[in-house]
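Here is what each chain is made of, one letter per residue.
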Amino acid sequence: MTQSPTHDVLVIGAGIIGISTALALQAQGRRVTVWDRTGVAEETSSGNAGAFAFTEIEPLATPGVMKKAPKWLLDPLGPLSVPPAYALKIAPWMLRFWRASWRDRYDAVVKAQLDLMRHCEAAFERQLQTDGDAALINREGQLSVYDGARAFKSAAPIWQRRKELGIPCEVFDSAGAIAEIQPGLSARFTHAGYTPGWFNTRDPKTWAQSLAARFVEKGGVIETKTVSNLRNRDVYVDITHDTGVDSAVQVVLAAGAWSHRLAATLGDQIPLETERGYNTTFATRNLDIRTHITFASHGFVLSKNHDGYRVGGAVELGGLELPPNYKRAEILLKKAAKFMPGLETSGGTQWMGYRPSLPDSLPVIGASPQAPRVIYAFGHGHLGLTQSAGTGELVASLAQGTAPAINLAPYSPTRF
Ligand SMILES: Cc1cc2nc3c(=O)[nH]c(=O)nc-3n(C[C@H](O)[C@H](O)[C@H](O)COP(=O)(O)OP(=O)(O)OC[C@H]3O[C@@H](n4cnc5c(N)ncnc54)[C@H](O)[C@@H]3O)c2cc1C
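Quick summary incoming for the structure in this document. As the structure is a prediction and not an experimental result, all values here were calculated from the model. (Residues numbered from 1 in each chain as written. Predicted model: local features only at pLDDT ≥ 70, side-chain atom pairs only at ≥ 80, totals over all residues. Heavy atoms only, no water.)

### Focus on the overall build of the protein
As a reminder of what qualifies: Going along the chain from the N terminus, every DSSP run of H or I of four or more residues is numbered as a helix, and every run of E of two or more is numbered as a strand. Each radius of gyration reported is based on C-alpha atoms, and the globular scaling rule is 2.2 Å times the count of residues to the power 0.38. The buried label applies to any residue whose accessible area, calculated with a 1.4 Å probe on protein chains only, is under 20% of its type's maximum; exposed applies above 50%, and partly exposed to all values in between. Whether two residues touch is decided by their heavy atoms; if any such pair falls within 4.5 Å, the residues are in contact. To be clear on the numbers: accessible area is Shrake-Rupley with a 1.4 Å probe, and residue cover counts the displayed protein chains and nothing else. The convention is simple: Lys and Arg are positive, Asp and Glu are negative, and His and the chain ends are not counted. Where a charge sits is defined by one atom per residue type, namely NZ (Lys), CZ (Arg), CG (Asp) or CD (Glu).
Broken down by element type, the protein carries eleven helices and 20 strands. Rg of the C-alpha trace for the protein: 21 Å, near the compact-globule value of 22 Å for 416 residues, within the 12% margin. With respect to the three principal axes, the spread of C-alpha positions in the protein is 70 × 45 × 40 Å. Buried residues in the protein amount to 56% of all 416 residues. Summarising the internal contacts of the protein: among those between residues at least 6 apart in sequence, 77% fall at separations of at least 24. Only carbon and sulfur atoms are counted for the fraction: they give 54% of the accessible area of the protein, which is about 17,100 Å². Counting 42 positive and 38 negative side-chain charges, the protein places the centres of these two groups 5 Å from one another.

Okay, structure coming up:
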């Protein structure tokens, strides 16, 4: 047991959420230390599709989604699946997911996601101005393509709502119009929606590492430590790790898909699961890829990465322990070769990442009910990169006791 705090603010997790939060706390004049069991952006923040997808306000749990559940179970390599070995374990989460898909909750989640996205977009521009490397950002928008009128029809309400909400977007209903944004796509894609307001980083790992370098340059400390337990004391928090016990005035828990395990040591039960995603990255590219392409009916994307490209996506509700099933990455590649004829698909590097996901697709941003000196910042699912700068600012407000930019009730850890 320690007698007085050894740290001012300790951030657990050096993924994009932890690093962005560390920078935002540092900007408030706090002395910040980041601990990670591996290094900067070695987990989910390393291999994602690199999109700042500020227009993505729809949760995974849409009304009627559970009607498709039996189909997922029957197609182990489909865009959304539950491995049989994990089916029972995921059941309580699925129940909450089902409840989140009811119209009343769905509408509330869309509103909360919109508020968060508006804040996050502005926060991203602030972060870019103060700490970001503009050379790592491409502002080339995103094209969602649909195979035929029927596929587009089911997505049409999403595009209609985006227009109503004032989100800049355009829809196309001919292969010719699509080719003006992105040539070379298969003629099967006759409909599309285009959002010019998406940005991409040239590489998510390099982006996180450049922010981390900036944090260190400004006096921040990053160390390798594995945290195993948090304990609430009245005026500080004890943190048990692989080489002893330290303490901090405040702790930010940003350990991605592993965060619930540490929250549980405080007595908080948060229904965090992981949506595992797969991709393949190529170091060079043989086709002219002009924008981030989403194959909307197939659940995967094609994005640029450095001088190459990345094909990935899929959702596998398979927990943290089952081995990866890289057949999923192979299937996405086969589809990509069909959808973008001529795309070179040999010689890439496969990857699996653990999206940290709550049943309603909203993150947890708020103080632990058991230990108010511990602030939770995890569960960003498909959107952690997009929401990183904004989350950092919100956590910094909570830590400082100032009013956050948006109402944080929808992201509360007590909402479940
Ligand atoms: C295929 C795929 C594509 C994606 N594409 C996008 C995209 O285009 N845009 C977007 O916005 N998002 C995307 N995402 C989601 C995004 O990658 C995640 O939401 C984001 O990376 C989560 O960041 P994080 O910092 O919370 O978690 P992580 O990056 O996983 O970081 C958590 C850190 O905590 C550390 N840690 C865990 N436990 C401990 C412990 N006990 N002690 C010390 N350290 C610990 C880990 O080592 C890790 O470094 C994608 C995800 C996948 C899988």
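Now that the structure is up, let's keep going.
### So, the site of the ligand
Put simply, the test is: We call a residue near a molecule or strand whenever a single non-hydrogen atom of that residue lies within 4 Å of it. Pairing of N or O atoms within 3.5 Å defines a polar contact, subject to two protein rules: one partner must be a possible hydrogen donor and the other a possible acceptor, and residues neighboring in sequence count only if both atoms are side-chain atoms. Residues were grouped as follows: Ala, Val, Leu, Ile, Met, Phe, Trp, Tyr, Cys and Pro as nonpolar; Asp, Glu, Lys and Arg as charged; and all remaining residues, including Gly, as polar.
Near the ligand, the surroundings consist of 34 residues, among which D36, S45, A51, G381 and T386 are the closest. A distance of 3.0 Å separates an oxygen atom of the ligand from a polar atom in the side chain of N48. When isolated, the ligand has an accessible area of 1,000 Å², and the protein chains bury 96% of it. Elements represented by at least two residues in the shell around the ligand include exactly α1 (16-27), α2 (44-47) and β18 (349-357). The leading source of residues in the shell around the ligand is β18, at four residues. When its residues are assigned to classes, the shell around the ligand shows 14 nonpolar, 15 polar and five charged.

### Let's talk about the nonpolar core
To be explicit about the condition: Within this scheme, the nonpolar core is defined by two criteria: the residues are buried Ala, Val, Leu, Ile, Met, Phe, Trp, Tyr or Cys, and they are joined through side-chain atoms within 4.5 Å.
Ranked by size, the top nonpolar core spans 54 residues in total, and within it L25, F52, F124, W207 and Y411 carry the most contacts. When contributions to this core are tallied by element, the ones reaching two or more residues are β1 (7-12), α1, β2 (32-36), β3 (51-52), α5 (103-130), α8 (204-217), β20 (374-378) and α11 (388-400). Per-element accounting of this core gives the leading share, ten residues, to α5. Those residues in contact with L25 that lie beyond four places of it in its chain are V9, V11, R30, V32, V252, A396 and A399. In this structure, F189, Y194, Y309 and M340 belong to the second largest nonpolar core, which totals 24 residues.

### A look at the pairing of strand β14 (residues 273-282)
Operational definition: By definition, two strands form a pair when at least two bridges between them are found by DSSP.
Burial analysis of β14 places ten of its ten residues in the buried class, which makes it a mostly covered element. Here β14 shows two buried faces, one formed by E273, E275, G277, N279 and T281 and the other by T274, R276, Y278, T280 and F282. Of the strand pairs in this sheet, β14 and β18 are connected by nine bridges, and their pairing is antiparallel. Paired with R276 across the two strands is Y354, which belongs to β18. Across six bridges, β14 lies against strand β17 (residues 308-316) in antiparallel orientation. Note on β17: the bridge partner recorded for F282 is Y309.

### Focus: a nonpolar patch on the surface
Our working rule: Patch definition: residues with relative accessible area over 30% and no salt bridge; like charges joined within 9 Å; nonpolar side chains (Val, Leu, Ile, Met, Phe, Trp, Tyr) joined within 5 Å. Only one rule defines a salt bridge in this text: a Lys or Arg side-chain nitrogen within 4 Å of an Asp or Glu carboxyl oxygen.
Together, L95, W98 and W102 give the surface a local cluster of nonpolar side chains, amounting to about 330 Å² of exposed area. Since its relative accessible area comes to 55%, L95 is described here as exposed.

### Observations concerning α1
Note the threshold: Any helix carries an expected span of 1.5 Å times its number of residues minus one.
Taking 1.5 Å of rise per residue, the twelve residues of α1 would be expected to cover 16 Å, and the 17 Å separating its terminal C-alpha atoms lies within 8% of that figure. Buried residues dominate α1, accounting for eleven of its twelve residues. At the exit of α1 stands G29, carrying a positive phi of roughly 90 degrees.

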